[in-house]
Every structure is written in C-alpha cells, then in structure tokens.
Amino acid sequence: MDHAKDSAAVLNRLRRIEGQVRGVARMVEEDRYCIDILTQLQAVKAALGRAETEILKSHAACCVAEAIASGDEADQRAKFTELVGLFEKAKR
C-alpha cells in the first residue's frame, strides 16, 4: 500500500470537507432554510465518515499488520486495545 498516496487522498478529502463546513457556516449566516442546512450537515457527516474509514483501513493495513507480523504479543494486544477503545468511543 502506498502510504503517501493514501495520505494525499485523505488530505484532499478533508480539504473538501473544510470547504463544505465553510459553506454551511455561510448558509447559517445567510439565514437559509433549516432543512437545506441540515441536508448539508448530513453530507458533511457522511464525508467525515468516509475519511474516517480510509484512515482506519490505512491503520489496519499498516500499523496493525506490522504488529501482527512482528509476533510481539504486547504490541498486538496494544493495537487491539486501541481499536476496541476507538469503537467504544464511537458508540457514545
């Protein structure tokens, strides 16, 4: 997996999201229709979810895979614990 290419893609996605958020702020400033604003907020949340998925896939392909390949049980346990903690936070 090409880490630099993946990072560039995620950064581009985050920059687009940044633009979307600025657009939503303008909509609020312009007192646009609430449903239109909410629709755009849902689009931002979906885009953030896709960015999160890409970063998670990269983490699994790189950091987690390295821990598994290393055979170091403590490192493997640490990576597993990190992932479980992340998913527990997402439930809250």
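In the block above lies the structure referred to throughout.
Everything quoted here is computed from the prediction, not taken from an experiment.

## A word on the state of the cysteines
Tallying each qualifying case throughout the model produces 0 disulfides. C62 takes part in no disulfide bond, and the closest cysteine sulfur to it belongs to C63, at a distance of 4.4 Å. Given a relative accessible area of 29%, C62 falls into the partly exposed group. The class for C63 is partly exposed, based on a relative accessible area of 30%.

## Side note on the nonpolar core
Within the largest apolar cluster, 7 residues are counted, these being I17, V24, M27, I37, V44, A47 and A51. When residues of this core are traced back to their parent elements, those giving at least two are α1 (3-29) and α2 (34-70). Apart from the residues within four sequence positions on either side, I17 is in contact with V44, A47, L48 and A51.

## Digging into the pattern of salt bridges
When charged atoms on two side chains of opposite charge get close, those side chains can pair. Overall, the coordinates contain 4 salt bridges when judged by the stated rule. For the salt bridge of E73 with R77, the shortest nitrogen-to-oxygen distance reads 3.8 Å. Taken together, the residues span about one helical turn, with E73 and R77 both in helix α3 (residues 73-91) at a distance of 4 residues.

## Some remarks on α1
Three or four residues apart is the spacing at which side chains of an α-helix point the same way, because the helix has 3.6 residues per turn. In a regular helix each residue adds 1.5 Å, so 27 residues correspond to 39 Å; α1 covers 39 Å between its end C-alpha atoms and thus fits that length. Contacts made by the buried residues of α1 are with α2.

Here is what the cut-offs are and how they apply
Residues numbered from 1 in each chain as written. Predicted model: local features only at pLDDT ≥ 70, side-chain atom pairs only at ≥ 80, totals over all residues. Heavy atoms only, no water. Disulfide = S-S within 2.5 Å. Buried < 20%, exposed > 50% of the residue type's maximum accessible area, 1.4 Å probe, protein only. Core = buried A, V, L, I, M, F, W, Y, C linked by side-chain atoms within 4.5 Å. Helix = DSSP H or I, 4+ residues; strand = E, 2+ residues; numbered from the N terminus. Contact = heavy atoms within 4.5 Å. Salt bridge = Lys/Arg side-chain N within 4 Å of Asp/Glu carboxyl O. Expected span 1.5 Å × (residues − 1).

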